[in-house]
Structures are given as C-alpha cells and as structure tokens.
There are 2 protein chains.
Amino acid sequence: MVSPGSWNTLQQNRQQRLQRVAERLGADLQGRILPASRIRDLLHAVLESGDRVCIEGNNQKQADFLAQALTQLDPAQVHDLHMLQSVLALPEHLDVFEKGIASKLDFSFSGPQATRLARLASAGRLNIGAIHTYLELYARYFVDLTPRVALVAAQAADRHGNLYTGPNTEDTPTIVEATAFKSGMVIAQVNEVVDVLPRIDIPADWVDYVVAAPAPHYIEPLFTRDPALISEIQVLMAMMAIKGIYAEYGVQRLNHGIGFDTAAIELLLPTYAASLGLKGKIASHWALNPHPALIPAIEAGFVTSVHSFGSELGMEDYIRARPDVFFVGADGSMRSNRALSQAAGHYACDMFIGSTLQIDLQGNSSTATLGRIAGFGGAPNMGADARGRRHASPAWLKAGREARAGKNAMPRGQKLVVQMVETFREHMQPAFVETLDAWQLAEQADMALPPVMIYGEDVTHILTEEGIANLLLCRNDEEREQAIRGVAGYTPVGLARDRRMVDNLRDRGVIRRPADLGIDPRDATRDLLAAKTMKDLVRASGGLYLPPRRFRNW
Amino acid sequence: MVSPGSWNTLQQNRQQRLQRVAERLGADLQGRILPASRIRDLLHAVLESGDRVCIEGNNQKQADFLAQALTQLDPAQVHDLHMLQSVLALPEHLDVFEKGIASKLDFSFSGPQATRLARLASAGRLNIGAIHTYLELYARYFVDLTPRVALVAAQAADRHGNLYTGPNTEDTPTIVEATAFKSGMVIAQVNEVVDVLPRIDIPADWVDYVVAAPAPHYIEPLFTRDPALISEIQVLMAMMAIKGIYAEYGVQRLNHGIGFDTAAIELLLPTYAASLGLKGKIASHWALNPHPALIPAIEAGFVTSVHSFGSELGMEDYIRARPDVFFVGADGSMRSNRALSQAAGHYACDMFIGSTLQIDLQGNSSTATLGRIAGFGGAPNMGADARGRRHASPAWLKAGREARAGKNAMPRGQKLVVQMVETFREHMQPAFVETLDAWQLAEQADMALPPVMIYGEDVTHILTEEGIANLLLCRNDEEREQAIRGVAGYTPVGLARDRRMVDNLRDRGVIRRPADLGIDPRDATRDLLAAKTMKDLVRASGGLYLPPRRFRNW
C-alpha cells in the first residue's frame, strides 16, 4: 500500500512555495500583485534547484524583465534549472547558464544566440536536451517536459490577476495551461496593472503572481521586410512561384516563411497574380503572422482570412480595422495563438514555402551550419507532409497523384513543401552542397541525428532563379539528384550536372525554366511590386500601418 | 478603392444578431443568461441560413439540449446550415438534416450514427464536406472552416457568463476561441448557474449567451472497459505487446486506443510487466483519457503522468486524489484539452497502439465498412509518423534505424504505430482482407480517396494472437505482404501465405511467435489481470472510482 498523501507531492510542494512567498513577501503582496522591486526575492522564494522553468521567449515577445531577474539569482541557492523555451533570443537566456543558475535546455530556436549557444554547449556549461519544432515542444509540456514554474509576459493585468495579452498572445496560453494544471507556479510580468482589461486572455485562476515591469516587454518586429530591399531576382523567383506552383496547384491555403523571397510573392499578388486572373483562386486563406508585405494583397481583396502565431509591431491599428480578415476579439485587438496556428499550418494548409541555407542532393535542407546551434522554429512542423490529414483539396490531391504516379500504392494526398533559394547566398556561399554541415555539427555537438530542418522526403519543389525542380515527378534517386543539380545554377553541385539527363527532365516538365513557364526574365522588374518602399506599405494601409522606427527614414 | 466599412462585415453582422436578440428576448435576458424556455427563440434570432454552426458533440460530452433545440427550428426561417462537429453521436445531429435545417457536414467521427449518416448522404439529404482527424478539424476552424456560431456545453456558468467546464473540458476552449475571435456568436448550455465557479475555464468575454439546460449535458463513459470481458486471447496478445514491443523499444511515452485489447495491456502492467522488471522502463507518460483500467498501474507506481483529451465518468474523485498523475487545477478537478492532447499524442508520444476492422496486404487499415460512414477520430493524427518531430528518444531512434537499415537515406527516427487485432473479429469476419471495403465505400459515397484510417506506410507492427509482424524490417513489398499473411492466422489471407517465405521472415525476426518471445500461451490466463472485475477496479482505487450504473452489478 502506498501511504496516503503521496499522490499530491506536487500540490504539497506548491503549497510550500506559496507559503515561502507569503512569509517573505506577504507585506508587499496585494492579492497576486507584487512590486517589481521584489522580483529577485519572489524568484528566490518560488524557485527550487532542479526546477523545470519555462520562460516565455518566443520569436517576438520576450518576458525580458523576468529573464533579467533570473540572471540575478544566487547560484548557491538556485542552480541546475532546466530551462524550457521556444526561442533563446536574449543574452540573459544564456547568462543563466554561464552563471551556474541553469544547466539544461530544451528549446526550438536560438537564431540570435546560436553561436554563443554552440560555444557554451561545447564548453560543457549547458546540456541540450533536444531541439524541437514549436508545436512539438508545447506537446512535451503536457507529457514529459511539464514546467514546474512558468515565467510569462502579458500586456496588462487587472487587480485580480487576470491577464490581457493583446495581439501578442503567442505561446502564453499554452505555457500557462501546462503549468497551472500540473500544480506548477505561474509568474507574469505585465506592462501595466489596470482596473478593467479590454478582454481576458488568461483567467486569474491560472496565475499566481503578477509583477508590473519597469519597462514594456520587448517585441521583435520579426516579420517586417522593407520592399526597397527586394531584388529583381527575387521578383523573378516570385513570378515563377506564382505561375509555376500557386496557379498550377490552385493553392488557396498556405503559410509563408520569413524572408524577402516570400515577401516578394506577397507583393506580387495584387499585380502579377491578378493579371493572370488568379484573384480568388490562390492565396486566400493563411496561417501567417500579420506580414506588412501582405497589406496590398489584403487591400486588393485577395485575402479572405489570416490566423496568426503572433502579431507584428506596427500592424495593430491596421488589424483592428480589418476584422473580416484577422482574428480579433470583441475589444478589437487580435488574439494570436502559436500552438493553434501551428496546428493550422500543419493540418489546414496545402503548402509551406520557406527558405534555407543548405540543400543536399537528396533534397534535405538545413539552416544548421558549423559552430551555430540554431534550431528550426516552425519549419519542421509546417514543412512536413501531414500524414494524419484526411480532408481533400485539389492542390493536395494533385501533389499526391504526382508523387504516386505509376506506383502500386494506396492513393493519398500530399502537402506541397517548397524550398525557395537563390543558388548562392550571401558571401557567395553555395546553397547547394554535396554534404550538409548538419552532419559535422551533429558530431561536434553529440546529437543523435544530423539537425535537418526539412527532410528531402517531404520536399516537393525546389525553386531557384534558374527554375523549378518538381521532386514529386522524379522516379528514382538519380533523377531526384539531377533535378536538384538542374536548378543549382553555377554552384559546384549545379556544374556537376549530367546535361543530357537534365535536358530530359526538362522535356518531361520535372524541371521548368522561366521560359517553360512563359515568363520573360526581362519582365521581372521591381515595377511589379505592389509596394516598393515602406512608405508605400503605409500608404496602401490607408495610414493604419505604423512601421517601427528602424524601418522608417521619414 | 474598397468602400470604407466593408472590412468589418462580420462585426456588423454580429451586431445585427445581438440586436435581434435584444429586441426579441431582451426582457428575459439577465446579462448573458437566458431562461431555457426561450432557447428556440434565441436560436431563431441568432442563426441565419447558410451559417457555419459548430455544435459541441465530441466522443463524450454532448451539447444535447442545444442539439435538440436546433431540430425544433423552422426550416423556412433557418436552413442550409453547415454543421461542424467533432462527433456526430445523437439522433438529433442527423435530424437537422432530415428536417431541412442543415445541408452540409464536416466532421471527424460518427460511430453511433454511421449507418444512418450513410443513408442520408446517399439519399442526397446532406453533403459531406470531408472527414477529418480531430486536430485537423480544429485546425480548419482557424483557416477555412471558421464557425459563425458555436453551440457548446459546460458544467456551470457564473452570472457574468464565465464558464467552468470541469474535467470534461474537451473541445470547448478551441471551438470558442475560433468563433469568438472571428466575430462569431457563442452560445453555451450549462448544467447550472452559480455565484462562484470552482475555476474559470472560458472567460465570459468570449461567450455571448448562456442557458441553464433543464438536464445536465450527456456524457458517454466511452473509455470504460469491464475487465470481466477480457479474454485469455487478449491476455496473450497483451503479453506479446509488452514483451515484444514495449520492452523491446523501451516505450515510455504513449497513447492507447479504445478497446479491450489495450485495456488488457493496462491491466498487465503491474503484474506481467512488473515481473519482467519493466516498472519505470515502459509506459510512464501518457496522452490518454483517464481509463479506469489504468488504475492498478497507477497505484503500482507505474505511471508518472497522464494528460487527457477528455475525462471519464466516475473517475472524478480518483483523479482529484491523484494530482501528481493527472492535470488538475487549483480547484482539484481535471482540465482536459482535446486539441492539446492530440498535439501531445502526435508529437510527444513514441507509440500509438490501436485496433481496426480491416487490414489489407499493404498494411492499410480502416474501420470504414460498407454502408457505414464512421470517420476515424484521433487515430489518423496519432497513428501517423510525425514527420515534423525533431527530438530523439531511444524508442523512436530504434524504429527509425530499423526502417532505414541498408538504405542510403538520411537517418531519422520513426513513430511506432501498432495495429493490434484478433485475426477474426465478431461474427467471424476476417480482420485481414485482400481489398479494404474502403475502396467500394469511396465509390458509393463519391469520396476523393478511399477512407483509410492508418496508412500502411505509417504502420510499424501488426500484432495478432498468432504473433507480431515487424513491418519496419521488411525489405520490399513482397516481404511486407508475407509478413502480414504470416500473422493473419486462419483467415483466407493467412492461409494463402508462402510458408517458406514466412519461415524465413520468422528466422530473421520479422515475424515473432509467442514462443520466439519466450511466452508460453498456457501462462496467458486471466489470473494475470491486475483487476478481473469492475469491483476490483473500484477496490484498486481505494473506493474512489465510482463506475456508472451500467457497469455495476452490485
């Protein structure tokens, strides 16, 4: 027999933590609200060594005040924290490891800190559990990585402790749900405490302590691309994407990755795509952050619906004025939700189009390069064939038919997964390689598998300035390799092509050049962009879009 | 230029609906609360013909009062509704089609109504959009199937309209979020209106109207299996599963389907599996409803964590007393969440094990049989290789190695997907067939693809009373076919095996018989079950489990 009471050790431990806070900070607590000056004491009272701590750091919103406070703890009192976070973005996120406060890390993306992370990992200062795609990491919060303590950020709280996240809802509801319902502790930093919230995003029941931070939490305008920086090569590639893939498959539901390549596509929808008669036929339903580059397409009536992972700085008023398109609450501001939008990207989109740093001859792609441990964010989830999907759409059925033509296989559909890259990336590094750096990185960092962002098995098209390779139509590994070489331009991989085989693939439509698509590269000018500058975007929005200062020269 | 104001047609339309309600029912409204007697008038005021209406009908909790009210509408006023629902369970769910109130349906599962659904569909009384796996359907709520009106069920509301779902949280938060944040209308039936809720599951901000139904909403105890009905064949299969798969791969994180086969495994954990020294090594972390059959394993300390899609009738007090294991709130009752638990099942579990009605020679399986349009619920999502997954575990790596042995492929892991079936199902129908009924059903019902529950490409093991076929180890389609025939017993498919090839597969360990696993079928007795009756389960729970009446003979 198990002794009574041993089934609520988490609840008992939670009571002890609440008790410690009451004893040490009770005089300063007003309900759940605590002055910012006591944050270090609060964390010392709440945290225990070895805790799994989920700190909200996603690719935009940062619980930066709490991240900073965490670095101030006494490692003699609190050490060996196991940090869980979507995105490792701030220096403080690594300082806790350098200072001996934390020792283990599970995460999804660490772009801005990738080099330092690799250095700390190889110096043995931190132990990486695993790198995940976002939805996978959230999934583990409910299975084997449930946080003991969650440190989150919200726009505002009321005096009861209800939270209003505003449009940057992001990961917060998911993190808090996993923590609060397994007897964990939830601490929120907010920009302000108010009497009445515009709406409630997280009920006070789920929150233990709220601190009004001295400064608003940081938000990165990650999805803003200045149209002035889009090149004519990118315009050409965007024309090929629209005519050779979007129109070809009738892609209506989709996600775009970050970057200028897809921004160019967004800006060509109301011009080039409209001139092809594609309005209403492509790109109507999106799982996408509110990209400023999508404004002209929205204004042109191209876009029916956009559900977002998070918001984008400066888009707040525009979103509020376009509630038919975005998901907004009765208060008028958006509610994003990264977990649900990732599910939407996985299961309700027919296409994912993104970019990468390296592609090998099997079509495997990775942004992992030597000396950098960066992770992949949402790309693995959205750039994988969703094999649980059962509803049909013309785009999905056509891709599935192409993949299975001539094979004795049960018919099924397939997601379109497009990698869009120029053959040379910055510093003239070739995007096509015989061997991914991921292999060497796996060895260096002692990973179980090479860190591949999107597996070749899942990629359907590779698009470069030289053309489109449709991997679905390749009948064997050799054809696949030559199809990839055939769009790899003047890279060593491209130069090593078998010309006759590549010509044959082109005859069969496996490779298509601009000319094969009826596209004259001389037409690929910046004049096709529906907005050529940030100011054009503001104008297109009727003055509702307010770009952050760094994107303005006026 | 688009005329100003045309970007908030949804909000304007919402205001019109609110206005109609205020005009027609204002006198009876107390804040958001309306007497049950006015429900028909409320629905007439809120609904418009052609609306997408999401009615909460999942596999357990039913918004049955609202479903009933919907059938009472005047089809001259309200018609051509497009119904969205996880589970079509009640006769009323089809009555609305028969009465001409609704005409289109998107759903996931319709088990109890599958025959009548097929009849209505073939009579042209309803148009099926598509059949989905649950998470896929939710995903579409945020992309191209956003509900205009949601009709949901909760345990209680307070006078502001905040909702408490109790342990049967299920789909409610996801449905409400999709609807409320696209200017839709949310109507909830509750069992009671109270002054203070135990906790808030859905903020009142997200809810328009609340009706206290005359009777508590229906809940189906779907996951309760009486151990008295478990056969010794099932005990034998459970022994093979534990020794030949769970132990072999070290499966710690998993999901079980519904049924006696997996209930037998749950009941063998504290006995047979413990005798093999497997405690702490297998089956510790679950995405699973609170199966009563798991009680003995929990009591034996086998289980660390269970996150649930929904709850199970009678388990409330037991769950409340085991908060270390289940996800419970500060109020002591569970919060389930079907969307998040499906994500957990997809991305954070190493194995899905379930059952089916038919398996073909490629390993494709389906529960779709002629004259029944049933759908598949969560199985496609959890029984598919999660190709976006990037974190490693020993079980996943081993399955991936086996699948790729001798192939020139990028290494990756793979989910274990096990189909566990007796070779003959009830009425001596063979579980193994040359051709799935799904093909004929697709033709009859004009489906784009045959309705396959789990594709052969995703299945890793087939387990019958004759043995285990490890499809990962098959080197080609012919071996795969013979491996399946080799465990298909005395079915025509099994009898048509190539004996020499099957022997060879057995020599290579592709097929393993009980003897190959060191299991003597004579040991497979009901004595191994940790509970042999419902009363044993109650006893194991220390009297905390209170089975519904239909499962009690005392």
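All figures in this text were calculated on a predicted structure; none of them were measured in a lab.

Asker: Help me get a handle on the overall build of chain A, residues and values and all.
Answerer: Broken down by element type, chain A carries 19 helices and 21 strands. In terms of overall dimensions, chain A is globule-like: its C-alpha atoms have a radius of gyration of 25 Å, near the 24 Å expected for 554 residues. Each principal axis of the C-alpha distribution contributes one length, and for chain A these read about 80 × 55 × 45 Å. Across the 554 residues that make up chain A, the buried fraction comes to 65%. Across chain A, every contact between residues at least 6 apart in sequence was considered, and the portion connecting residues at least 24 apart equals 73%. Carbon and sulfur atoms form 50% of the exposed surface of chain A, whose accessible area is close to 18,300 Å². Distance from the positive charge centre (57 side chains) to the negative charge centre (62 side chains) of chain A: 3 Å.

Asker: So, unusual backbone geometry: which residues are in play, and what are the values?
Answerer: Residue and element names in this part refer to chain B. With a phi close to 60 degrees, S183 is a non-glycine residue in the positive phi region. Tracing the backbone shows S183 in the loop between α7 (172–180) and β8 (185–194). Its identity as a non-glycine residue notwithstanding, M428 has a phi of 55 degrees, on the positive side. Relative to the elements of secondary structure, M428 occurs in the loop between β17 (424–425) and β18 (429–430). The exposure class assigned to M428 is exposed, which follows from its relative accessible area of 58%.

Asker: Pulling in residues and values, what's your account of the interface of chain A and chain B?
Answerer: Contacts between the two partners involve 92 residues from chain A and, on the opposite side, 92 residues from chain B. Carbon and sulfur atoms make up 60% of the surface buried where chain A meets chain B, a total of about 7,800 Å² over both sides. Its largest share of buried area at the contact with chain B, chain A owes to W7, R390 and M410 of chain A, together 12% of the area lost on that side. Applying the counting criterion to the chain A and chain B interface returns 13 salt bridges. A salt bridge links R387 of chain A to D458 of chain B; the nearest nitrogen and oxygen atoms lie 2.8 Å apart. Viewed at the interface, chain B and chain A are joined by 40 residue pairs in polar contact (both at pLDDT 80 or more). For the side of chain A that touches chain B, the element with the highest residue contribution is helix α12 (residues 338–347) of chain A, accounting for 6 residues.

Asker: Tell me about the relation of the copies chain A and chain B, residues and numbers included.
Answerer: Superposing chain A onto chain B takes a rotation of 180 degrees combined with a translation of 0.0 Å along the rotation axis, leaving an RMSD of 0.0 Å. As the rotation angle and translation indicate, the two copies are arranged about a two-fold axis. If distances are taken from each C-alpha of chain A to the rotation axis, the shortest is found for P203 of chain A, at 3.4 Å.

Asker: For helix α15 (residues 437–444) of chain A, give the residues involved together with the corresponding values.
Answerer: Residues and elements named next belong to chain A. Of the positions making up α15, those classed as buried are A438, L441 and A442. With its buried residues spanning 105 degrees around the axis, α15 presents them on a single face. In α15, the exposed residues that point more than 90 degrees away from the buried face are E443 and Q444. Close packing links the buried residues of α15 with β15 (365–366).

Asker: Can you lay out the sheet that holds strand β11 (residues 285–287) of chain A for me, pointing to particular residues and giving the numbers?
Answerer: Reading across the sheet, the 8 strands line up as β12-β11-β10-β13-β16-β19-β20-β21 (chain A) and stay open at both edges, with mixed pairing between neighbours. In the strand order of this sheet, the two ends are held by β12 (305–307) and β21 (511–512) of chain A, each with one partner.

Asker: Go over the pattern of salt bridges with me, naming the residues and quoting the values.
Answerer: Residues and elements named next belong to chain A. For the structure shown, the criterion picks out 77 salt bridges over all chains. A salt bridge links R159 to D195; its shortest N-O distance comes to 2.8 Å. Here R159, found in the loop between β6 (149–158) and β7 (163–164), pairs with D195, found in the loop between β8 (185–194) and β9 (209–212); they are 36 residues apart in sequence, far enough to count as distant. Residues R159 and D195 agree in their burial class; the two are exposed. E466 is paired through a salt bridge with R513; the nearest N and O atoms lie 3.8 Å apart. Of the two residues, E466 sits in the loop between β19 (461–464) and β20 (467–470) while R513 sits in the loop between β21 and α19 (534–540), which places them 47 residues apart along the sequence. Of the residues examined, R513 reaches a relative accessible area of 12% and is grouped as buried.

Asker: Break down the domain arrangement of chain A for me, with residues and values.
Answerer: Interfaces are frequently sized by the accessible area removed from exposure as the parts join. Residues and elements named next belong to chain A. Once the domains are mapped, chain A shows domain 1 (22–212) and domain 2 (227–533). Once you take the C-alpha centre of each, domain 1 and domain 2 turn out to be 33 Å apart. Interface area, domain 1 with domain 2, both sides summed: about 2,300 Å², of which 51% is carbon and sulfur. Between domain 1 and domain 2 we count 4 salt bridges in total. Between D201 and R335 there is a salt bridge, and its shortest N-O distance comes to 3.0 Å.

Asker: So, the sheet that holds strand β11 (residues 285–287) of chain B: which residues are in play, and what are the values?
Answerer: All names here are of chain B. The sheet built from 8 strands is open, its strands ordered β12-β11-β10-β13-β16-β19-β20-β21 with mixed pairing. The sheet terminates laterally at β12 (305–307) and β21 (511–512), the two strands that pair on one side only. As paired elements, strand β10 (residues 253–256) and β11 share 2 bridges and run parallel to each other. Within the sheet, the bridge partner assigned to R253 lies in β11 and is H285.

Asker: Outline the nonpolar core, listing residues and values.
Answerer: Judged by nonpolar contacts, the single largest core of 116 residues is most densely connected at L42, L70 and F432 of chain B. Broken down by element, the residue count for this core peaks at 6 residues, all from helix α6 (residues 134–141) of chain A. Grouped together as the second largest cluster of nonpolar side chains are 114 residues, I101 and A488 of chain A together with Y138 and V152 of chain B included.

Asker: Please provide a residue-by-residue account of the packing of α12 of chain A against helix α6 (residues 134–141) of chain B, values included.
Answerer: In the contact formed by α12 of chain A and α6 of chain B, the axes pass within 8 Å of each other and the chain directions differ by 105 degrees. Taken as axis vectors, α12 of chain A and α6 of chain B run roughly perpendicular relative to one another. Contacts between α12 of chain A and α6 of chain B involve A343, A344 and Y347 of chain A on the former and, on the latter, L135, E136 and A139 of chain B. Looking at the contact of α12 of chain A with α6 of chain B residue by residue, the class counts come to 5 nonpolar, no polar and 1 charged.

Asker: Any chance you could break down the packing of aromatic side chains for me, citing the residues and the numbers?
Answerer: Within a pair of aromatic rings, the relevant descriptors are the distance that separates the centres and the angle that separates the planes. One pass over the full model with this rule turns up 8 aromatic pairs over all chains. Taken together, a centroid distance of 6.2 Å and an interplanar angle of 50 degrees make the contact between Y138 of chain A and Y141 of chain A tilted. Remark: Y141 of chain A and Y138 of chain A occur in helix α6; sequence separation between them is 3 residues, near one turn of the helix. According to the relative accessible area criterion, Y141 of chain A is buried, its value standing at 1%. Seen in terms of ring centroids, F181 of chain B and W206 of chain B are 5.1 Å apart; in terms of plane orientation they differ by 85 degrees. Their pairing is edge-to-face. Of the two residues, F181 of chain B is situated in the loop between α7 and β8 and W206 of chain B in the loop between β8 and β9 (209–212); the sequence distance between them amounts to 25 residues. By relative accessible area, F181 of chain B is classed as buried at 3%. Given a relative accessible area of 7%, W206 of chain B falls into the buried group. In this structure, K398 of chain A is placed above the aromatic ring of Y249 of chain A, and the distance from its NZ or CZ to the ring centre is 5.3 Å.

Asker: Describe the environment of I359 of chain B, naming the residues involved and giving the relevant values.
Answerer: Residues and elements named next belong to chain B. Here I359 lies in strand β14 (residues 358–359). In this structure, the C-alpha to C-alpha distance between I359 and V487, residues 128 residues apart in sequence, is 12 Å. In contact with I359, not counting residues within four places along its chain, are N364, S365, Q419, V421, A431, F432, V433, L436 and I462.

Asker: Describe helix α1 (residues 9–25) of chain B, and please don't skip the residues or the numbers.
Answerer: Helix length check: α1 of chain B (17 residues) gives 24 Å between terminal C-alpha atoms against 24 Å at 1.5 Å per residue, within 8%. The elements touched by buried residues of α1 of chain B are β1 (33–34), α2 (39–46), β6 (149–158), β8 and β9 of chain B.

Asker: Break down the pairing of strand β4 (residues 102–109) of chain B for me, citing the residues and quoting the values.
Answerer: Residues and elements named next belong to chain B. The pairing of strand β3 (residues 81–87) with β4 spans 6 bridges and is parallel. Following the sheet pairing, V87 is matched in β4 by F109. For the crossover from β3 across helix α4 (residues 91–98) to β4, the handedness is right-handed. The sheet contact formed by β4 and strand β5 (residues 127–131) spans 4 bridges and is parallel. Considered in β5, the bridge of L105 is made with I128. A crossover connection joins β4 to the parallel β5 through helix α5 (residues 114–122); in handedness this β-α-β unit is right-handed.

Asker: So what's going on with the packing of α1 of chain B against α2 of chain B? Residues and values would help.
Answerer: Residues and elements named next belong to chain B. Packing of α1 against α2 brings their axes to within 8 Å, and their N-to-C directions diverge by 145 degrees. Our pair here, α1 against α2, has a crossing hand that is right-handed. In this structure, α1 uses R17, R20, V21, R24 and L25 to contact α2, whose residues at the interface are D41, L42, H44, A45 and V46.

Calculation notes
- Residues numbered from 1 in each chain as written.
- Chains lettered and ligands numbered in written order.
- Predicted model: local features only at pLDDT ≥ 70, side-chain atom pairs only at ≥ 80, totals over all residues.
- Heavy atoms only, no water.
- Helix = DSSP H or I, 4+ residues; strand = E, 2+ residues; numbered from the N terminus.
- Rg over C-alpha atoms; globule rule 2.2 N^0.38 Å.
- Buried < 20%, exposed > 50% of the residue type's maximum accessible area, 1.4 Å probe, protein only.
- Contact = heavy atoms within 4.5 Å.
- Areas by Shrake-Rupley, 256 points an atom, 1.4 Å probe, with all protein chains shown as cover.
- Lys, Arg positive; Asp, Glu negative; His and termini not counted.
- Charge placed at Lys NZ, Arg CZ, Asp CG, Glu CD.
- Buried area = accessible area lost by both parts, 1.4 Å probe.
- Salt bridge = Lys/Arg side-chain N within 4 Å of Asp/Glu carboxyl O.
- Polar contact = N/O pair within 3.5 Å; in protein donor to acceptor, adjacent residues only side chain to side chain.
- Least-squares fit on C-alpha atoms with pLDDT ≥ 70 in both.
- Arc of directions from axis to C-beta.
- Pairing = 2+ DSSP bridges.
- Domains from an automatic or database assignment.
- Core = buried A, V, L, I, M, F, W, Y, C linked by side-chain atoms within 4.5 Å.
- Axes fitted to C-alpha atoms, helices over the stretch in contact; angles between N-to-C directions.
- Parallel < 35°, antiparallel > 145°, perpendicular 65-115°, else oblique.
- Nonpolar A, V, L, I, M, F, W, Y, C, P; charged D, E, K, R; others polar.
- Phe/Tyr/Trp six-rings, centres within 6.5 Å; stacked < 30°, edge-to-face > 60°.
- Lys NZ or Arg CZ within 6 Å of the ring centre and 35° of its normal.
- Expected span 1.5 Å × (residues − 1).
- Right-handed = clockwise from strand over helix to strand, strands pointing away.
- Left-handed = near helix turned anticlockwise from the far one by under 90°.

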